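Chains, contacts and geometry: an overview
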Amino acid sequence: MGLVIHKEKVTAELGEKLKSICPFGAISYDVSNGLSIGMGCKLCKLCVKKGEGAVTFEEEQAPKVDKSLWNGVLVFCEHFHGKIHNVTFELLGKAKELAAVNGHKVLALMIGSDIKDKAKELYCYGADEVYVYDDPGLKDFLIEPYTNVFYSFIEEVKPSSILVGATNVGRSLAPRVAARLKTGLTADCTSLEMTKDTDLVQIRPAFGGNIMARIMTPNHRPQFCTVRYKIFSKPERVECDKAPIMMKVTPQMLVSHAQLLDVEMKPEDIDISEAEVIVQCGRGVKSKADLAMVQELADLLGARMACTRPLVENNWFDAKHQIGLSGRTVKPKLLICVGVSGAVQTVAGMKGSDLIIAINTDPKAPIFDVANYGFVGDLYEIVPRLTKMIREAR
Amino acid sequence: MDILVCVKQVPGSSNVKVDEKTGLLVRPKKGNKLNPYDLFAIEAALELREQYGGTVRILTMGPPQAAEALEECLWMGCDEGFLITDRAFGGADVLATSYTISQGIRKAGPVDLIICGKQTTDGDTAQVGAETAEHLGIPHLSNVTRILSVEDGSVVVEANQENMIVKEKIQMPCLICTDSEVNTPRLPSYRRKKAMDDSLIHSFTLNDFEDKDNTHYGLKGSPTQVQKVFPPEKSTSRVMVEGSSEELAEKLGKLLSERKFI
């Protein structure tokens, strides 16, 4: 499987052309060695399209997995001592849609200590079957026991698709379990669909650029993905009272080479994920001192301040104020983007916003493709005037 | 203590775009650089070496020019570098990448602590560290914000876990992924750059690995497949407002007032 070069068809002209069109610089060509494709290749298949038959993509018949043995869409329940994280409910809502396509069940997995009653809540948000591993040894998240339990559950129940919240715990646990199962894992999906063939269609921004990729795991089960908080909507709660299915915890599962010494709760700080009005600063804000000007506007609007990644890298903001693929996903009623260019990673974190207003000097800035209102102008001119106006109106 | 840091060379600009007319990918013009998140991992390793002695080695997987990233690490003070490069490794997803790296680590020799950066700026998945640890059968901890001490064959660290900070004592060998708040990375040394010794960088190919089965690597070893790439959707209701700064401020104020935000 992969790209095959048909040497006889590679002329010097074609070789040079393919070398120059590869977006990843993975193709090399010289007369003596001919055409070769290096490991920078991302399989965009541009060379296949433009190669006049000199490069072809060959699919190899791999042994096929029996997909009928894998059933159900599983949601891993993220919680802290029984307090369930909202991302879990959002994922249950999505899982219900996905499972309906093939008449599958929505499954939920909860791991912890003294959580049997708490787990019932998962039924109220759409789970058909809730499985619980309850043991004092599972009270706190430790990577090895949790991986063992999760893995053992999958071996036993064989869910077809698995959705995990892209929280710090989920991002640590999901890859660990996926690697043990030797299956695929797609991080930070922004959209999910289900095919009739039980294949999970995973869509996420990719290649670190302004591109979306449609990713599938066509020949492995289970299929694993993580999804950030606030990407999907939390379904309505429906009252119900059903006992969860209790699973057996064995001593071997609890073996850990890491020991939890201490847990310190961080000071309560309203997460920008929960904010209703947000003002986001981008690189258009030229110095740290200028943030005060934007903060003033934010204060008048009762807004939380947020930023893009470069501002975190400059140490102007703590990482938890970053909106984007590597930061937080937000769903405010109003988002004002000030000097934000709108790279796809940033935009990925703001799509659920009700109203996006952008201020940027560059009329071609990609932020204007997602903004409902684009103000082409200098933030240093507009923001102080707006602040003054709001203040005078009061 | 022997430490190994996993690093990656990433595009200088992550701005790969789709040409609207042709639907083809357009390559950024800028060159490559060392993944900025890796600098924190390297700094953490160098600080540990200063305190506890031992070695700091670096490992990367990539095309031959990825050796440049290793050179930069050597200028920062690392002792030795390993480049894993083979055509067979191309097209690898998270599973195949992490498996390849785990094989490279085995080949590089015994190690007490493996340190990875939080994520790369091109792949952005933050999953390779955890999967690598699984392939090696060792514990790991992500989002490490402080390395407190090394005692009785264990490392004591603090990590960020959503709304709390956890403190764990992890038996070595183990793998940690550092957060960017863990330290302030040093700059590469010009003196070291001048005195650079190429023999400190070693290359591995598939043939050097314990597992030589090529179906475990690259595209063949990758369960996920990119079916297609496409430009992101654009918002439907889109109004562009132009004019003088006064007009813009006024219109924005009016809009916010109409929508009852002020």
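Residues numbered from 1 in each chain as written. Chains lettered and ligands numbered in written order. Predicted model: local features only at pLDDT ≥ 70, side-chain atom pairs only at ≥ 80, totals over all residues. Heavy atoms only, no water.

The subject of this paragraph is the state of the cysteines. Residues and elements named next belong to chain A. One pass over the structure, following the stated rule, counts zero disulfides over all chains. Residue Cys-240 stays outside any disulfide, its sulfur separated by 3.2 Å from that of Cys-124, the closest cysteine. Using a relative accessible area of 28% as the deciding quantity, one classes Cys-240 as partly exposed. (Disulfide = S-S within 2.5 Å. Buried < 20%, exposed > 50% of the residue type's maximum accessible area, 1.4 Å probe, protein only.)

Its 15 residues give helix α12 (residues 379-393) of chain A an end-to-end C-alpha distance of 21 Å, which sits within 8% of 21 Å, the value for a rise of 1.5 Å per residue. Taken residue by residue, α12(A) has Leu379(A), Ile382(A), Val383(A), Leu386(A), Thr387(A) and Ile390(A) as its buried positions. The buried residues of α12(A) occupy an angular sector of 125 degrees when the element is viewed end-on, so they sit on one face. The exposed residues of α12(A) that point more than 90 degrees off its buried face are Lys388(A) and Glu392(A). For α12(A), the elements touching its buried residues are α8 (291-301), β20 (334-338) and β21 (356-360) of chain A together with α6 (245-258) of chain B. Sitting at the amino-terminal end of α12(A) is Asp378(A), which places a side-chain oxygen 2.9 Å from the backbone nitrogen of Tyr380(A). (Helix = DSSP H or I, 4+ residues; strand = E, 2+ residues; numbered from the N terminus. Expected span 1.5 Å × (residues − 1). Arc of directions from axis to C-beta. Contact = heavy atoms within 4.5 Å. Polar contact = N/O pair within 3.5 Å; in protein donor to acceptor, adjacent residues only side chain to side chain.)

Once that is clear, we can look at the packing of α12(A) against α6(B). At a minimum axis distance of 9 Å, the contact between α12(A) and α6(B) shows a crossing angle of 50 degrees. Comparing their axes, α6(B) and α12(A) come out oblique. Here α12(A) runs over α6(B); the crossing is right-handed. Where α12(A) abuts α6(B), its residues Glu381(A), Ile382(A), Arg385(A), Leu386(A) and Met389(A) lie against Ser245(B), Glu246(B), Leu248(B), Ala249(B), Glu250(B), Leu252(B), Gly253(B) and Leu256(B). (Axes fitted to C-alpha atoms, helices over the stretch in contact; angles between N-to-C directions. Parallel < 35°, antiparallel > 145°, perpendicular 65-115°, else oblique. Left-handed = near helix turned anticlockwise from the far one by under 90°.)

This part covers the sheet that holds strand β8 (residues 106-112) of chain A. Residues and elements named next belong to chain A. Read from one edge to the other, the open sheet built from seven strands follows the order β11-β15-β10-β5-β8-β9-β16, with strand pairing classed as parallel. Only two strands of the sheet have a single neighbouring strand rather than two, namely β11 (185-186) and β16 (245-246). Taken together, the three bridges between strand β5 (residues 73-76) and strand β10 (residues 161-165) define a ladder with parallel strand orientation. Bridging from a neighbouring strand, Leu-74 pairs with Ile-162 of β10. Docked against the sheet, helix α6 (residues 143-157) engages β5, β8, β9 (129-134), β10 and β15 (223-227), running at close to 150 degrees with respect to β8. (Pairing = 2+ DSSP bridges.)

Residue and element names in this part refer to chain B. For α6, built from 14 residues, the straight-helix expectation of 20 Å at 1.5 Å per residue is met to within 8% by its first-to-last C-alpha distance of 20 Å. Here α6 has its buried residues at Ser-245, Leu-248, Ala-249, Leu-252, Gly-253, Leu-255 and Leu-256. The buried residues of α6 occupy one face: seen down the axis, they fall within an arc of 160 degrees. Opposite the packed face of α6, turned more than 90 degrees from it, sit the exposed residues Glu-250, Lys-254 and Glu-258.

Before going further, it helps to examine the side chain of Ser142(B). Within the secondary structure, Ser142(B) sits in strand β9 (residues 140-151). Among all residues touching Ser142(B), those that are not within four sequence positions of it are Ser172(A), Ala159(B) and Cys177(B).

This part covers the sheet that holds strand β12 (residues 191-194) of chain A. What the four strands build is an open sheet, ordered β12(A)-β13(A)-β14(A)-β14(B); its pairing is antiparallel. Looking at strand neighbours, the two that pair on one side only are β12 of chain A together with β14 (225-230) of chain B, the edges of this open sheet. In this sheet, neighbouring strand axes are inclined to one another by 25 degrees on average, regardless of whether the strands run parallel or antiparallel. Sheet analysis places β12(A) next to strand β13 (residues 200-206) of chain A, joined by four bridges and oriented antiparallel. Residue Ser191(A) lies in a different strand from β13(A), and its bridge partner there is Ile203(A). Across the sheet, helix α3 (residues 86-101) of chain A lies against β12 and β13 of chain A, angled at about 25 degrees from β12(A), the strand it touches most.

The subject of this paragraph is the packing of helix α3 (residues 94-108) of chain B against helix α4 (residues 128-136) of chain B. Residue and element names in this part refer to chain B. Contact geometry of α3 with α4 gives a least axis separation of 8 Å together with a crossing angle of 55 degrees. One element, α3, and the other, α4, form an angle in the oblique class. Our pair here, α3 against α4, has a crossing hand that is right-handed. For the pair α3 and α4, contact is made by Val-94, Leu-95, Thr-97, Ser-98, Tyr-99, Ile-101, Ser-102, Ile-105 and Arg-106 and by Val-128, Glu-131, Thr-132, His-135 and Leu-136, respectively.

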